Amino acid sequence: MPDRPLILLIDPDAQLRAPLQTALDYRLHDWINPFGDAVAQVADLHPALIITAADSIPSWMPDVRANPATRRIPVLAVGDNVTAAHHNGIKDIISLPEFLAALPDAISERVRIYNDSEALVAQCDDSPSPEVLKGLHEFNSHEFYECHETLEHAWMIESGPVRELYRAILQVGLAYYQIERRNYQGALKMFLRTLQWFDPLPDRCQGIDVAGLRADAAAARTHLESLGADHIAEFDRSLLRPIHYEGMTPHD
């Protein structure tokens, strides 16, 4: 996880970049017209905030605002074109003078911080529940749909931030399930959704090798995209690797 949150800046006139550069606690990524799937590119960047000039909102913004993989990312429109902002699904609008006068608070109060909060750290030090262990065993047995059912219940009854660990695992499992069903778009959709749940997690949580799972999921996605929808039947099943965790049996 990067130390400083990323701000995705959409400002072809560059009037916002200079003042934003003074906000030293953030990294800026200038957005040029993307090639291919904008939702996938935004999901891969997983910015903590998107800032766009209200007069230059890109045509793909409604897709980003609506897609489950990216819709939790806050978006701020700077300028006076309220109509354009609303048309693109952006409700948070501020005029340029107000924005400049309010810096850096205008960012800090909106940015979505992906942090390792004390609550998450404390929960990651705990042992997984029997239900979570059951879900991990199902994952490693390639019972991916069953794993989804088990960990979804664990997620529903857990109110703390560690619940995102369970959601990350079950959605990787669903991606693998879709690969086995030769559903290219379904698998890719699930891979993209996992990114937001992985982002706040440490490399190890409740004895589970989160870093390893994150890397395995990324490798499986890369291989899937290299094959394309027409050749998903050629997917190397050895890339559907097990999750490593404390106490796992040799059969896992």
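Nothing here was measured: the structure is a model prediction, and the numbers come from that model.

**A short note on the overall build of the protein**
Within the protein, the regular secondary structure consists of 12 helices and 7 strands. Taken against the 2.2 N^0.38 rule, which gives 18 Å for 252 residues, the C-alpha radius of gyration of the protein at 20 Å falls within 12% of a compact globule. A principal-axis box enclosing the C-alpha atoms of the protein has dimensions of 60 × 45 × 25 Å. Within the protein, the fraction of its 252 residues that count as buried is 48%. Within the protein, contacts between residues separated by at least 24 positions form 61% of all contacts whose residues are at least 6 apart in sequence.

**Things to note about the sheet that holds strand β4 (residues 75-78)**
Where strands meet in a sheet, backbone hydrogen bonds hold them as pairs that are either parallel or antiparallel. One open sheet holds the 5 strands; their spatial order is β2-β1-β3-β4-β5, and the pairing between them is parallel. The outermost strands of the open sheet, each flanked by one partner alone, are β2 (27-30) and β5 (93-94). For strand β1 (residues 6-10) and β2, the ladder comprises 4 bridges, and the chain directions are parallel. Each residue of the ladder has a partner; that of Leu6, found in β2, is Arg27.

**Here we look at the environment of Glu234**
On the secondary structure map, Glu234 appears in the segment after α12 (210-227). C-alpha of Glu234 to C-alpha of Leu224: the two residues are 10 residues apart in sequence and 9.2 Å apart in space. Those residues within four positions of Glu234 in sequence are excluded, and the remaining contacts are His223 and Leu227.

**Re a negative patch on the surface**
Together, Asp13, Asp55, Asp80 and Glu98 line one region of the surface with negative charge. Mapped onto the fold, Asp13 is located in the loop between β1 and α1 (17-21).

**Focus on the environment of Leu240**
With respect to the secondary-structure elements, Leu240 resides in the segment after α12. Residues Leu240 and Ala175 lie 65 residues apart in sequence; the distance between their C-alpha atoms is 9.8 Å. Those residues in contact with Leu240 that sit more than four places away from it in its chain are His142, Tyr176, Ile179, Glu180 and Phe235.

Cut-off values and rules
- Residues numbered from 1 in each chain as written.
- Predicted model: local features only at pLDDT ≥ 70, side-chain atom pairs only at ≥ 80, totals over all residues.
- Heavy atoms only, no water.
- Helix = DSSP H or I, 4+ residues; strand = E, 2+ residues; numbered from the N terminus.
- Rg over C-alpha atoms; globule rule 2.2 N^0.38 Å.
- Buried < 20%, exposed > 50% of the residue type's maximum accessible area, 1.4 Å probe, protein only.
- Contact = heavy atoms within 4.5 Å.
- Pairing = 2+ DSSP bridges.
- Patch = residues over 30% accessible without salt bridge, like charges linked within 9 Å, V, L, I, M, F, W, Y side chains within 5 Å.
- Areas by Shrake-Rupley, 256 points an atom, 1.4 Å probe, with all protein chains shown as cover.
- Salt bridge = Lys/Arg side-chain N within 4 Å of Asp/Glu carboxyl O.
- Lys, Arg positive; Asp, Glu negative; His and termini not counted.
- Charge placed at Lys NZ, Arg CZ, Asp CG, Glu CD.

By themselves, these observations are geometric and do not establish any function.
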